[in-house]
Each structure stands twice: as C-alpha cells, then as structure tokens.
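Geometric and topological summary
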Amino acid sequence: ACYKEAVRIYHCTLGPGNAAVATTLVCIGSIHYKSRDLDSAMIFYKEALRLNRDTYGMHHPDVAPTLKSIGMILTKKGDYDEAYDVFREVLNIKCTVHGTGHPAVANAYKSLGNVHFKKGELADAERQY
C-alpha cells in the first residue's frame, strides 16, 4: 500500500511521466517478482522501463537495471531468445557507460552466459562467463 500511495502522490504532484514514478514501479514489480507473480512484475517493470526511456533515452544507465529485471523474468519463464536480446541490450548500455573492462560489464556477460547455460549451450555459456 505504501508504494501505491507513493505512485498516486507522484502522479498528482509530479505528473505520471516523472522518473520518480518509475523507481517506485520497480519497487512494486520487485514485490511481485519475490512473490513469484512474474506476469504482474513484468507489467510494472515494462511501465518503469517506458518511463525511464522517455525521461533518459534508450542507453542511459538508469535503463539497464530495469532491463535486467525484465531479462530475468524472461529467463525464468523460459523465453530464452527474448531474454538474450534484453541482456545484449544491457551489455551494450554497460559498455557504453563504463567501457569494456568494468565489473558491471562482467555481470552483463554473466547474464548472457546464464541464458546459454539454461539452453544447454555449455560452450557458449563458458565463453560468456
């Protein structure tokens, strides 16, 4: 109830397109994710992603964590090809923001490796890890 009240107040005071709304939507999505309600979590994450992209653009660092959350849901649901595409987008953002030798980039590669592992593509997984 607290997060939903925060969203209501942000809508009224800052407008529905404000980035503060996106942050709170991610919190609500995370609650659904923890509760294993992946479809509801996805709805909140996708709306947060839309708001962040509208506010910051496609390749801003604030976009990547929400994309990663979406990729994790897709992986859990077995939508591996779509998850891989999302994690590639995360990797591209991380490389653009941090360069290629940063731990955040390594984490993005690990997410890609996890998708390969889930698909049984062990050689590809090892290469990504």
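Above: the structure in question.
Anyway, here's the lowdown on the structure attached to this text.

1. Comments concerning the nonpolar core
Judged by nonpolar contacts, the single largest core of 22 residues is most densely connected at Tyr33, Tyr45, Leu67, Ile70, Ile73 and Leu74. Among the elements of the structure, helix 3 (38-56), helix 4 (64-76), helix 5 (80-98) and helix 6 (103-118) are those that each provide at least two residues to this core. Broken down by element, the residue count for this core peaks at 6 residues, all from helix 5. With residues up to four places along the chain from it excluded, the contact list for Tyr33 reads Leu38, Ala41, Tyr45, Met72, Ile73 and Lys76. Residues Val7, Leu25, Ile28 and Ala48 belong to the second largest nonpolar core, which totals 7 residues.

2. As for the environment of Arg88
Checked against the element boundaries, Arg88 lands in helix 5. C-alpha of Arg88 to C-alpha of Gly71: the two residues are 17 residues apart in sequence and 9.7 Å apart in space.

3. Brief notes about helix 2 (residues 19-34)
Given 3.6 residues per turn, any residue in an α-helix points the same way as the ones three and four places further on. Across its 16 residues, helix 2 extends 23 Å between first and last C-alpha, which sits within 8% of the 22 Å expected from 1.5 Å per residue. When helix 2 is considered as a whole, its buried residues turn out to be Ala19, Ala20, Val21, Ala22, Thr24, Leu25, Ile28, Gly29 and Tyr33. Where helix 2 is buried, its residues contact helix 1 (2-14), helix 3 and helix 4. The distance from a side-chain oxygen at the start of helix 2 to the backbone nitrogen of Ala20 is 2.8 Å, and the residue carrying that oxygen is Asn18. Directly after helix 2, the chain includes Arg36, whose backbone phi takes a positive value near 65°.

4. Some words on the environment of Asp54
Among the structural elements, Asp54 can be located in helix 3. For the pair Asp54 and His116, spaced 62 residues apart in sequence, the C-alpha separation works out to 31 Å.

5. Observations regarding the environment of Ala48
As for its placement among the helices and strands, Ala48 is situated in helix 3. On a C-alpha basis, the gap between Ala48 and Thr13 in space is 18 Å, while along the polypeptide they are 35 residues apart. Once you skip the residues sitting within four places of it in the chain, Ala48 turns out to touch Ala22, Leu25, Val26 and Thr66.

6. Notes on helix 3
Compared with the 27 Å implied by 1.5 Å per residue over 19 residues, the 26 Å span of helix 3 between its first and last C-alpha is a close match. The complete set of buried residues in helix 3 reads Leu38, Ala41, Met42, Tyr45, Ala48, Leu49, Leu51 and Asn52. Those residues of helix 3 that are buried are in contact with helix 2 and helix 4. Looking one or two residues beyond helix 3, the residue adopting positive phi is Gly57, at roughly 100°.

7. Topic: a nonpolar patch on the surface
On the surface, a cluster of nonpolar side chains totalling about 350 Å² of accessible area is made up of Phe117, Leu122 and Tyr129. Note on placement: Tyr129 falls in the segment after helix 7 (122-128).

Definitions and limits used
Residues numbered from 1 in each chain as written. Predicted model: local features only at pLDDT ≥ 70, side-chain atom pairs only at ≥ 80, totals over all residues. Heavy atoms only, no water. Core = buried A, V, L, I, M, F, W, Y, C linked by side-chain atoms within 4.5 Å. Buried < 20%, exposed > 50% of the residue type's maximum accessible area, 1.4 Å probe, protein only. Helix = DSSP H or I, 4+ residues; strand = E, 2+ residues; numbered from the N terminus. Contact = heavy atoms within 4.5 Å. Expected span 1.5 Å × (residues − 1). Polar contact = N/O pair within 3.5 Å; in protein donor to acceptor, adjacent residues only side chain to side chain. Patch = residues over 30% accessible without salt bridge, like charges linked within 9 Å, V, L, I, M, F, W, Y side chains within 5 Å. Areas by Shrake-Rupley, 256 points an atom, 1.4 Å probe, with all protein chains shown as cover. Salt bridge = Lys/Arg side-chain N within 4 Å of Asp/Glu carboxyl O.

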